[in-house]
Amino acid sequence: MEISKRLLPQSHRQEHAADETKLGFGDKFTDHMFKMDYYDRAWRNPRIEPTAPLSLSPAAMVLHYCQTVFEGLKCYRHPGDRLALFRPKDNFRRFNQSAERMAIPLVDEEFMLQAVKELLRVDGDWTPSLPGSSLYIRPTIIATEPHLGVRPAREYLLYVLLSPVGAYYKEGFAPIKIYVEDFFTRAAQGGLGSVKAGASYAASLLATEKAAQKGFTQLLWLDAQEHRYVEEVGSMNMFFVINGKIVTADLTGTILPGVTRSSVLKVAADMGLTVEERRLDINEVLAAKETGALTEAFGAGTAAVISPVGTLSYNERQFAIADGQVGPITQKLYDELVGIQYGGRPDPYGWIEFVD
Ligand SMILES: *Cc1c(COP(=O)(O)O)cnc(C)c1O
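What you see is a predicted model, and the numbers here were worked out from it, not measured in a lab.

## A short note on the overall build of the protein chain
Looking only at helices and strands, the protein chain features seven helices and 18 strands. Taken over C-alpha atoms, the radius of gyration comes to 21 Å for the protein chain, in line with the 21 Å a tight globule of 356 residues would show. Dimensions of the protein chain, computed from the C-alpha atoms along their principal axes, are close to 60 × 55 × 35 Å. Residue pairs in contact within the protein chain that sit at least 24 positions apart in sequence constitute 72% of those at least 6 positions apart. Looking at the protein chain as shown, the accessible area adds up to about 15800 Å², and 50% of this sits on carbon and sulfur atoms. Placing the 38 positive and 44 negative side-chain charges of the protein chain at their respective mean positions leaves the two points 1 Å apart.

## So, the domain arrangement of the protein chain
Parsing the protein chain into structural domains produces domain 1 (4-165) and domain 2 (176-342). The C-alpha-based centres of domain 1 and domain 2 are spaced at 27 Å. In this assembly, 26 residues from domain 1 lie in contact with 22 residues from domain 2. Regarding the contact of domain 1 and domain 2, the summed buried area is about 2000 Å², with carbon and sulfur atoms giving 60% of it. Summed over the three residues of domain 1 that lose the most area to domain 2, namely Phe 70, Phe 86 and Arg 94, the buried surface amounts to 30% of that side. For the pair domain 1 and domain 2, the interface holds 13 residue pairs in polar contact (both at pLDDT 80 or more). Listing elements by their share of the side of domain 1 that touches domain 2, those giving two or more residues are β4 (68-70), β5 (73-77), α2 (88-101) and β7 (134-143). Considering each element in turn, the side of domain 1 that touches domain 2 owes the most residues, six residues, to α2.

## So, the site of the ligand
The environment of the ligand is formed by 15 residues, the closest being Lys 196, Tyr 201, Glu 232, Thr 260 and Thr 302. A distance of 2.7 Å is found between an oxygen atom of the ligand and a side-chain nitrogen or oxygen belonging to Lys 196. One of the backbone N or O atoms of Val 259 is found 2.7 Å from an oxygen atom in the ligand. Here the ligand loses 97% of its free accessible area of 380 Å² to cover by the protein chains. Listing elements by their share of the shell around the ligand, those giving two or more residues are β12 (236-242) and α5 (259-270). Its residues placed into classes, the shell around the ligand shows four nonpolar, seven polar and four charged.

## Re the packing of aromatic side chains
Any two aromatic rings considered together are summarised by their centre-to-centre distance and by the angle between their planes. The final tally for this structure, using the stated rule, is 11 aromatic pairs. Between Tyr 76 and Tyr 342, the ring centres sit 4.8 Å apart and the planes meet at 70 degrees, which makes this aromatic pair edge-to-face. Of the two residues, Tyr 76 sits in strand β5 while Tyr 342 sits in helix α7 (residues 328-342), which places them 266 residues apart along the sequence. Pairing Phe 183 with Phe 184 gives two aromatic rings, centres 5.0 Å apart and planes at 80 degrees, and the pair type is edge-to-face. Ring pairing ties together the aromatic residues Tyr 38, Trp 43 and Tyr 156, which thus form one cluster. Across from the ring centre of Phe 354, 3.7 Å away, lies the NZ or CZ of Arg 82, which sits over that ring. The ring of Tyr 229 has Arg 279 sitting right over it, with the charged end atom 3.8 Å from the ring centre.

## Here we look at the nonpolar core
Core analysis: the biggest nonpolar cluster contains 46 residues, and Phe 34, Leu 120, Ile 137, Ile 141 and Leu 158 have the highest contact counts within it. When residues of this core are assigned to their parent elements, the largest contribution, eight residues, is made by helix α3 (residues 109-123). Counting 26 residues, the second largest nonpolar core, distinct from the first, contains Leu 220, Val 230, Met 238 and Ala 304.

## As for the pattern of salt bridges
Here the structure, examined in full by the defined rule, presents 24 salt bridges. Measuring nitrogen to oxygen at the nearest pair gives 3.0 Å for the salt bridge that ties Glu 49 to Arg 47. Residue Glu 49 shares its accessibility class with Arg 47, and that shared class is buried. Among the ionic contacts, a cluster of salt bridges with common partners joins Lys 35, Asp 37, Arg 47 and Glu 49.

About the criteria used
Residues numbered from 1 in each chain as written. Predicted model: local features only at pLDDT ≥ 70, side-chain atom pairs only at ≥ 80, totals over all residues. Heavy atoms only, no water. Helix = DSSP H or I, 4+ residues; strand = E, 2+ residues; numbered from the N terminus. Rg over C-alpha atoms; globule rule 2.2 N^0.38 Å. Contact = heavy atoms within 4.5 Å. Areas by Shrake-Rupley, 256 points an atom, 1.4 Å probe, with all protein chains shown as cover. Lys, Arg positive; Asp, Glu negative; His and termini not counted. Charge placed at Lys NZ, Arg CZ, Asp CG, Glu CD. Domains from an automatic or database assignment. Buried area = accessible area lost by both parts, 1.4 Å probe. Polar contact = N/O pair within 3.5 Å; in protein donor to acceptor, adjacent residues only side chain to side chain. Near = heavy atom within 4 Å. Nonpolar A, V, L, I, M, F, W, Y, C, P; charged D, E, K, R; others polar. Phe/Tyr/Trp six-rings, centres within 6.5 Å; stacked < 30°, edge-to-face > 60°. Lys NZ or Arg CZ within 6 Å of the ring centre and 35° of its normal. Core = buried A, V, L, I, M, F, W, Y, C linked by side-chain atoms within 4.5 Å. Buried < 20%, exposed > 50% of the residue type's maximum accessible area, 1.4 Å probe, protein only. Salt bridge = Lys/Arg side-chain N within 4 Å of Asp/Glu carboxyl O.

Structure representation (structure tokens):
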């Protein structure tokens, strides 16, 4: 499919951020977006146009039944000003896995990569250069068909937004405080836990807000059945260092299979660390804290890359991890991953995909 273009004249484009240290997360968008429509059983009319509000029927099915999926990946500025994507094919594979679960028609993964590269050829110069900053890429599909009966829609819009971003958490690469949620749950077996669906986030908001009021940046979800097993944090997979081993929840269908998660496991194993993907009881974590076996904890996801956890709060008790500091293994994994992403270190895995 040929991607058509309708671009803003240079004189109508926005100024880029003058001060990259002031970049937030996801509140600023570049001048152009990619769009593609689905109707009559096929994706059609791929195009790049000025970023603008959508025109949507108030009966659009996404607004009523939340039939929507999204992805999140980043474009990094490498030395020599080359633009680099990190494992983008994994994101587009997961985009389709999410679409399938939400009864949304699949998209050609190779074409999606070409479309994102084409959009970056137009607006890639928005990629900031400050360490920790990047151009966040948000592919999204929404059900646009105006219809109130409950069934999968027959019409969709796919679009891709680009957003220059700074650090995800206001703390930056500093330990965050996490509240272990023992009442609300995120995903049950057979539900939406393993896909990137807006509906999962909608369901998580109230609990996250309550934790925020108590002063916590994020929630750690426990399993929906027994409220015992560690699942993941808001938008990150969760890792613990216990007896020097990296332990994370296994992918049982209720956890999002993070690209960062899989990268952490690979890099950690290659550093000679033992990695364990298994069920992990929160009581085991806290017992390990008591004996000193638990030395570090961190979350991993595209938005924040790696976020050290300094405090866990569970059942009205607070547990400091690594004395509230960044642990050495967390730091080593962060340096290696960020090194590959920003081009400061070699990429032995073939994870980097250049735009040019
Ligand atoms: C996106 C996401 C993650 C992290 O996945 P990455 O591919 O590493 O960005 C983790 N948990 C949830 C719920 C997510 O939506």
